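Below, each chain spelled out in residue letters.
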Amino acid sequence: MSNLALKLEHKSTKSTDTKVFKIWISALTVAFLAGGYFIVERMITGLSATNLSSITPWGAWIAFYIFFVGLSAGSFLLSTLIYVFGMEEYERIGKAALFTAIVCMIVALTFVLMDLGRPERLMNAIIYWNVTSPLGWEVHFYLVYIALLMVELYIAMREDLVRAANTNTLKGFVARLLTSKNSTINTLTKKRDHMWMKILGTIGIPIAILGVHGGTGTIFAMVKARPAWNTAIFPIIFVVSAMVSGTALLLAMYVIKRKVQKKPIDQKMIISLSKLMAGFLIIDLGLQFYEYLTGWYGLEIEHLDTLATMMASDLSWSFWGVQMFLGAVVPLTIVFWKKTNQNINALLVAAILIVVGIIGVRFNIVVPSLIVPVFHELPWGDYFPTVKEWMVSVGVVAMGLLIYSIGELLLPIEETSEEVSHNGK
Amino acid sequence: MGLFSNWDLKPRDYDKIVDQKLPNAEKVLNESQYDTKLGLNMARDARKVINGSMKIDDFHKVYSSSLTMEFGSYYASDTPDTKKTNKGPKWVMVIDLQKCIGCDTCTVSCKAENRTPPGISYNVVMESLEGEFPNIKAMNLPRPCMQCDKPACAQVCPTRATYKMENGIVVIDNDRCIGCRYCIVACPYGARSFDFGDSYEQEMTGYNDVTSPEYGVERGERKKGKTPIGTVRKCSFCFHRLQRGEEPACVETCIGDARFFGDINDPNSVVSKLAASPRAFRLKEELGTQPSVIYLR
Ligand code: SF4
Ligand code: SF4
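Quick notes on the rules
- Residues numbered from 1 in each chain as written.
- Chains lettered and ligands numbered in written order.
- Predicted model: local features only at pLDDT ≥ 70, side-chain atom pairs only at ≥ 80, totals over all residues.
- Heavy atoms only, no water.
- Helix = DSSP H or I, 4+ residues; strand = E, 2+ residues; numbered from the N terminus.
- Rg over C-alpha atoms; globule rule 2.2 N^0.38 Å.
- Buried < 20%, exposed > 50% of the residue type's maximum accessible area, 1.4 Å probe, protein only.
- Contact = heavy atoms within 4.5 Å.
- Lys, Arg positive; Asp, Glu negative; His and termini not counted.
- Charge placed at Lys NZ, Arg CZ, Asp CG, Glu CD.
- Near = heavy atom within 4 Å.
- Nonpolar A, V, L, I, M, F, W, Y, C, P; charged D, E, K, R; others polar.
- Buried area = accessible area lost by both parts, 1.4 Å probe.
- Salt bridge = Lys/Arg side-chain N within 4 Å of Asp/Glu carboxyl O.
- Polar contact = N/O pair within 3.5 Å; in protein donor to acceptor, adjacent residues only side chain to side chain.
- Pairing = 2+ DSSP bridges.
- Domains from an automatic or database assignment.
- pLDDT = per-residue confidence, 0-100.

1. Examining the overall build of chain B
- In terms of helices and strands, chain B carries ten helices and ten strands.
- In terms of overall size, chain B is more extended than a compact globule, its C-alpha atoms giving a radius of gyration of 28 Å where 297 residues would be expected to give roughly 19 Å.
- Expressed along its principal axes, the backbone C-alpha trace of chain B runs to roughly 85 × 50 × 40 Å.
- Counting the 297 residues in chain B, one finds 43% classified as buried.
- At a minimum sequence separation of 6, the contacts of chain B that also span at least 24 residues come to 57%.
- Computed over 41 positive and 39 negative side-chain charges, the separation of the two mean positions in chain B equals 3 Å.

Structure, rendered in structure tokens:
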């Protein structure tokens, strides 16, 4: 991907960079426009564009929404490892983590908007806040969280912005817009910035864990009508799987970007990051195991039906194939097998598989519980997303990637090796 | 009975018999150490309270000082709290499962009354067979919205579009609902449906011309993109019918006379009496939603 500020150092790679970047952007634009057509159509025809029903009222868009909230919370928490707990080995991905967190939230909220029966009334959730509603709380938490992320990203970038303001590039132009004329960098501002990063990161941790992602888990966990969701461990699983997907995503993005730019990859960081990711995944699997075990042992008919729908029905490929095999068994083997665990390509595959696996996890949370009706005599749900639902999803994700790519073009998101040595100290 | 008989006893005659048997109040009271006159006056006024010609509050006002004088610290009564009993009605429905024949008349009349679109039925009759052939028993369980006293739907609604009225009915404000469908997910009885905008216009000309005035709101024609399309709908105990003094459509049309409707605050109403029956139960009581629909098993 093109990074104009780096052109001084990487003159030779610049031309291929721009070419790849151009192809990338045009591919995204095509995807966005294709999806955009279906987004517009969905806005006109309403939710009849979906396969949803009153038995299965939530589907793919809600699954993607919680997936992206998870990615966001996960990448943010990873950034706090760096800025709050001083794990400098991950310094290189700090700002990228924050920016990813912001973009993922934007994508997540767009999915919510797509899913509303009356998108134009979105503001009602803020105007008429119902304090007993987990969803009502979440909408507020998301806004606070996005604001906090933006401030934090700004402070993290401040030094680079000041530096870039003196260059005569596009980045420099944006930087001049964002900084005041007499901003300087000296030891005092460094100390101040670092202190603020720590404070904001510390405030952010409870907001991200309890509010944003644990909170999204409570949207499901508070529903006593659905026994498979209604457990206290559910929000915790949400947070842990958020950490899994967030770590995996950042690892994958870092490796892919470096590869495209033909820049050296910090192998030590990748290996330790992959261990971290596998650790989170193992905790996640353990929690899920107990969750299913208690549900199964309770012998409650509706709970058993839900487990059966997830693990032994037409939909079970999503659980065994995507969530368990691709999303857990394969990546764990890669990370722990001696022959592959030093190989960056193999680890990249593992990370991508984990991200895909978590998409499966999110679908398996939302759909099976809503296939089983609340009374045995009522009709069972039958849900698989329509082409239109997939296309809208493609459009929304493409929008997120576009925002990310353009953001990276205009802002000093990427760490240069020089910054790593002193930032966050 | 007794139409041509002069020897039948009239209520007056019974009164006489009772009066003869009663002890003389004055004599009895004279024997006690307390004020005779006070006792007689109180007895007279107590009768007035019972037949409604005197208010209980006034009774207490008149006698409380003399009672305190007479009984001192032994007297510990005060005006009873009568304010709370003046609430309006609280509607409940009782469904006798022994009388339900599973004909789905309620379902049909509900669809006709509320003009619900395809895919939406506020009331359904859930049918199941129990036991093994040939020893089987059919179970019919009609299910409207339970109008829960602790409604899970209203608890989770982010916009307070769903709320509970004083009269017990759980309302959806379709003009505020954002269509997030959280309430559908949260309702343990599957009583809510999303209005996807479908219509019977193809099968039934004029279907779209008029909608039912749900919750007392006239919305006129059913049109694409117009509320309540894109929002959530459910049974309202036919609130618009209650407003003009009629029973809900399902209650009125029930062939087996299995449904009863009334005010649970009134201890003499049919529903109050039926609710006290040992046959009475409510669905999924363990969830604590406290439904206002009571079944008789
Ligand atoms: S039955 Fe469902 S929709 Fe009706 S009041 Fe209870 S929770 Fe709400
Ligand atoms: S769909 Fe409407 S009534 Fe139901 S929870 Fe959402 S805003 Fe409330």
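And the narrative resumes.
2. Some words on the site of ligand 1
- Around ligand 1 sit 13 residues in total, of which C145, C148, C153, C187 and R192 of chain B are the nearest.
- Along the lines of polarity and charge, the residues of the shell around ligand 1 split into ten nonpolar, one polar and two charged.

3. Comments concerning the interface of chain A and chain B
- The interface is formed by 39 residues belonging to chain A together with 42 residues belonging to chain B.
- For the pairing of chain A and chain B, the buried interface totals around 3,300 Å² over both sides, and the portion due to carbon and sulfur atoms is 58%.
- The largest contributions to the chain A side of the interface with chain B come from R118, K224 and F375 of chain A, which together make up 20% of the buried area.
- Remark: the boundary between chain A and chain B carries one salt bridge.
- Here R181 of chain B ties to D115 of chain A by a salt bridge, and the two come within 2.9 Å at their closest N and O atoms.
- Run the count over chain A and chain B and you get 26 residue pairs in polar contact (both at pLDDT 80 or more).
- Every element with two or more residues in the side of chain A that touches chain B is listed here: α4 (124-127), α5 (134-164) and α7 (187-221) of chain A.
- Across the side of chain A that touches chain B, the residue classes tally to 21 nonpolar, eleven polar and seven charged.

4. Structural notes on the site of ligand 2
- Close contacts around ligand 2 come from C157, P158, T159, T162, C177, I178, G179, C180, R181, C183 and V232 of chain B, and that covers them all.
- The class makeup of the residues in the shell around ligand 2 is seven nonpolar, three polar and one charged.

5. Some points on the sheet that holds strand β8 (residues 259-263) of chain B
Residue and element names in this part refer to chain B.
- A sheet is described by the order of its strands in space; here four strands give the open sequence β8-β1-β10-β9, paired in mixed fashion. At either margin of the open sheet sits one strand with a lone partner, and together these are β8 and β9 (280-281).
- Two elements, strand β1 (residues 91-96) and β8, share five bridges in a ladder whose sense is antiparallel. Bridge pairing in β8 links M93 to F261.

6. Regarding the environment of L47 of chain A
- Along the chain, L47 of chain A falls in the loop between α1 (14-45) and α2 (60-83).
- Spatially, the C-alpha atom of L47 of chain A lies 6.4 Å from that of G117 of chain A, the residues being 70 residues apart in sequence.
- Beyond its immediate chain neighbours, meaning those up to four positions away, L47 of chain A contacts R42, W61, M114, D115, L116 and G117 of chain A together with R181, F194 and F196 of chain B.

7. Let's talk about the domain arrangement of chain B
- Once the domains are mapped, chain B shows domain 1 (11-74) and domain 2 (91-296).
- Once you take the C-alpha centre of each, domain 1 of chain B and domain 2 of chain B turn out to be 51 Å apart.

8. A word on the confidence of the model for chain B
- Taken residue by residue, chain B gives an average pLDDT of 89. The fraction at 70 or more is 94%.
- Model confidence for the complex: the whole-complex pTM is 0.83, and ipTM, which rates the interface, is 0.88.

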